[in-house]
Amino acid sequence: MVSLEKLKQLRLIHLCIAITFFTSGVCINLVQLLLHITVKPINERLFRKLMYYLCYSLYSQIVFVADWWAGCRMRVYMDEEDRRTYAGNEHVLLLMNHKYEIDWLTGWMICDKLGVLGNCKAYAKKPIRYVPIIGWGWWLAEFVFLNRNFDKDKEIIAKQLKVVYSYPDPTWLLLNAEGTRFTQSKHEASVKFAEERGMTPLKHHLIPRSKGFTASLATLRGICPVIYDINLAFKPTEKTPSTMLSLLNGKGVEPYMLMRRIPLEQVPEDETEAAAWLQKLFVEKDRIIDSFLETGSFFEKSGVKETPSELLKPRLSSLINFACWVFVSLSSIFYYLITSLLAANWTAFITASSVLGLFYWLMGQAINKTQISKGSSYGATSKSFASTSSPASTK
């Protein structure tokens, strides 16, 4: 008899997950497009309310894989008063380290637990908007898409931030200030850049690219009250790699997350001073991660005030949402396959089988895109930091 652990690693089961996600994704994209054409021109507030539930229905399927399928358990550290009074009840700009293949997913997990998953957004590369399902969904959900050309991007940022924070419910916007995911070659370029400019080299982060951050501040003031500084880490003793493939195979990991609420008025208004503030924040973030990796505590060697932790449990809503889509997607697909086979309609049968193969291939491509080894070369030279970073010294 096949054990549950072995069952979760079967390709047939992975195919069923792929069928569910991509079939539901196409349906959700079509409804999003319909609302974009019919409802948005008439009532933007209603459009954004409805968009929340569509985005949640799509994103929570990935959260289901982490929470319910793989059994991940996240421990979050946050000031008790901030957690009780503010978390999930206000617009937020998120600053998060970008080192792990699933750091974006841990962000979705905390958003789900705090009830803002349907309104979580991000600064993203413009080409992503053309990617089926996720990219289309993000475009229709009004994400901030950038060209990596500052002259063009600063205009996009100023315009799109007003859109993002006009949503009627709390919206969380992620800015990966490092600009790209941490790799050894990019880290070496980051250290070289810092040393050449008298800045403090970072051990666990890349030097943040301050132009996007400082360009956002003028628009953020008055419409987004706070920054949430998120520090994510996995214990060095964690045996399971923190990858999407691990989760798909039913192998859970334990992310640890320190969240700090920083009122926006604490950030200087002057652009040079704001850039220096960001660099100082990342020096502190580096100490926080260093402390955790050495001692298992974010606080012991970082000098940061200790806050209580909470082990977050999965929400039933993500399980119910996925179960509903499984029933709708798989019953429709297999009914079509069986009826085509019984009717000897080989064209329909081959077409449907090809679509299933395409879904499985797309799942593989999506997993590959999350792998650090498959990331872009952006940020692999010190010159690339010079084009997007402030020369402000934090040493």
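Model, not experiment: these values are computed from the prediction.

Participant: Could you give me a rundown of the sheet that holds strand β3 (residues 120-125), with the residues and numbers involved?
Facilitator: Ordered in space as β4-β3-β5-β2-β6-β7-β1-β8, the eight strands form an open sheet in which the pairing is mixed. Two strands bound the open sheet, and with one partner strand each, they are β4 (144-146) and β8 (309-312). Taking the axes of each pair of neighbouring strands and ignoring which way they run, one obtains an average angle of 25° across the sheet. Here four bridges tie strand β1 (residues 74-78) to strand β7 (residues 256-263), and the two strands are oriented parallel to one another. Within β7, the position partnered with Met78 by the bridge is Met259. Contacts from helix α7 (residues 150-164) reach β3, β4 and β5 (172-175), with the element oriented near 170° to β4. Sitting on the sheet, helix α9 (residues 210-220) is in contact with β2 (92-96), β3, β5 and β6 (226-233), with an inclination near 165° to β2.

Participant: Kindly report on the confidence of the model for the protein, identifying the contributing residues and their values.
Facilitator: On average, residues of the protein score 87 in pLDDT, and 89% of them are at 70 or above. Ranking the helices and strands of the protein by mean pLDDT puts β7 first, with 97, and helix α14 (residues 382-386) last, with 52. Residue range residues 389-395 is modelled with pLDDT below 50. Its contacts to residues more than four positions away, or to other chains, number 23 contacts.

Participant: Give me the lowdown on the packing of aromatic side chains, citing residues and values where you can.
Facilitator: Considering all chains together, one arrives at 14 aromatic pairs under this definition. Both rings, one in Tyr59 and one in Trp108, keep their centres 4.5 Å apart while their planes meet at 25°; by these two values the pair is stacked. Linking Tyr59 in helix α3 (residues 44-69) with Trp108 in helix α5 (residues 103-113), this pair joins segments that are 49 residues apart in sequence. Of the two residues, Tyr59 and Trp108, both sit in the buried class. Ring centres of Trp172 and Tyr228 lie 5.2 Å apart, and the angle between their planes is 70°; this geometry places the pair in the edge-to-face category.

Rules of the game
- Residues numbered from 1 in each chain as written.
- Predicted model: local features only at pLDDT ≥ 70, side-chain atom pairs only at ≥ 80, totals over all residues.
- Heavy atoms only, no water.
- Pairing = 2+ DSSP bridges.
- Helix = DSSP H or I, 4+ residues; strand = E, 2+ residues; numbered from the N terminus.
- Axes fitted to C-alpha atoms, helices over the stretch in contact; angles between N-to-C directions.
- Contact = heavy atoms within 4.5 Å.
- pLDDT = per-residue confidence, 0-100.
- Phe/Tyr/Trp six-rings, centres within 6.5 Å; stacked < 30°, edge-to-face > 60°.
- Buried < 20%, exposed > 50% of the residue type's maximum accessible area, 1.4 Å probe, protein only.

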